[in-house]
Amino acid sequence: MMGFIYVALGGAIGAMFRYSIGFLPFKGAFPLITLLINILGAFAIGLVAGMAENREVSPGMILFLKTGVCGGFTTFSTFSLESYNLIVSDKPLLAGTYIILSVTLCLLGIFCGLAVTRRA
């Protein structure tokens with residue numbers, strides 16, 4: 001049960017961080033704010049993964065930071081870490097497949113979701 005609490009609290013904090021970055025004064029055609037969020041999230045989850053490997057933090061803190069804060073901030077950080085893990089595990093074909101499928105199928109999912117709501 002405590003795991004859910006760690007994730008919920010971290011998720012709330014991550015979501016608030018993401019929301020606050022949206023106030024940066026950049027408005028343009030290129031989604032720079034989202035790119036910045038994804039890069040920061042990938043960096044943060046890399047830090048947490050490194051701390052977890054070195055056993056510098058407790059399992060509860062890992063849940064709070066990795067699944068909660070990073071997940072609430074951006075799930076792209078998880079995607080990036082999983083892709084990295086496949087690459088360094090000497091599984092480049094699997095990594096490439098995962099990356100291509102993730103980007104392609106997620107874009108398709110958005111297209112389909114929008115298509116469904118536009119027909120209603």
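Look up: the structure comes first, before these words.
The structure presented is a predicted model; accordingly, all values stated were derived computationally and were not measured.

Novice: Whenever I open this one, the side chain of serine 102 confuses me. Can you help?
Specialist: Inspection of the secondary structure puts serine 102 in helix H5 (residues 92–119). Among the polar contacts made by the side chain of serine 102, one reaches the main-chain carbonyl oxygen of tyrosine 98 at a distance of 2.7 Å.

Novice: Would you mind going over the environment of glycine 46 with me for this structure?
Specialist: Position of glycine 46 among the secondary structure elements: in helix H2 (residues 32–53). According to the relative accessible area criterion, glycine 46 is partly exposed, its value standing at 37%. Sequence separation of glycine 46 and tyrosine 84 is 38 residues, and the distance between their C-alpha atoms is 9.8 Å.

Novice: Could you clarify how one ought to interpret the side chain of serine 83 in this entry?
Specialist: Tracing the sequence through the fold places serine 83 in helix H4 (residues 76–88). Other than its neighbours up to four places away in sequence, serine 83 contacts Ala95, Tyr98 and Ile99.

Novice: Help me understand the packing of H2 against H4, please; the structure alone is not making it clear to me.
Specialist: Each packed pair of helices is defined by two parameters, the angle between the axes and the distance between the axes. Put simply, H2 and H4 touch, their axes get as near as 8 Å, and they point 55 degrees apart. The orientation of H2 relative to H4 falls into the category oblique. For the element pair H2 and H4, the recorded crossing hand is right-handed. Facing Asn38, Gly41, Ala42, Ile45 and Ala49 of H2, the residues of H4 in contact are Phe76, Ser77, Thr78, Ser80 and Leu81. Classifying every residue of the contact of H2 with H4 gives five nonpolar, five polar and no charged.

Procedures and definitions
Residues numbered from 1 in each chain as written. Predicted model: local features only at pLDDT ≥ 70, side-chain atom pairs only at ≥ 80, totals over all residues. Heavy atoms only, no water. Helix = DSSP H or I, 4+ residues; strand = E, 2+ residues; numbered from the N terminus. Polar contact = N/O pair within 3.5 Å; in protein donor to acceptor, adjacent residues only side chain to side chain. Buried < 20%, exposed > 50% of the residue type's maximum accessible area, 1.4 Å probe, protein only. Contact = heavy atoms within 4.5 Å. Axes fitted to C-alpha atoms, helices over the stretch in contact; angles between N-to-C directions. Parallel < 35°, antiparallel > 145°, perpendicular 65-115°, else oblique. Left-handed = near helix turned anticlockwise from the far one by under 90°. Nonpolar A, V, L, I, M, F, W, Y, C, P; charged D, E, K, R; others polar.

Such coordinate-based values are descriptive only and should not be taken to indicate function.
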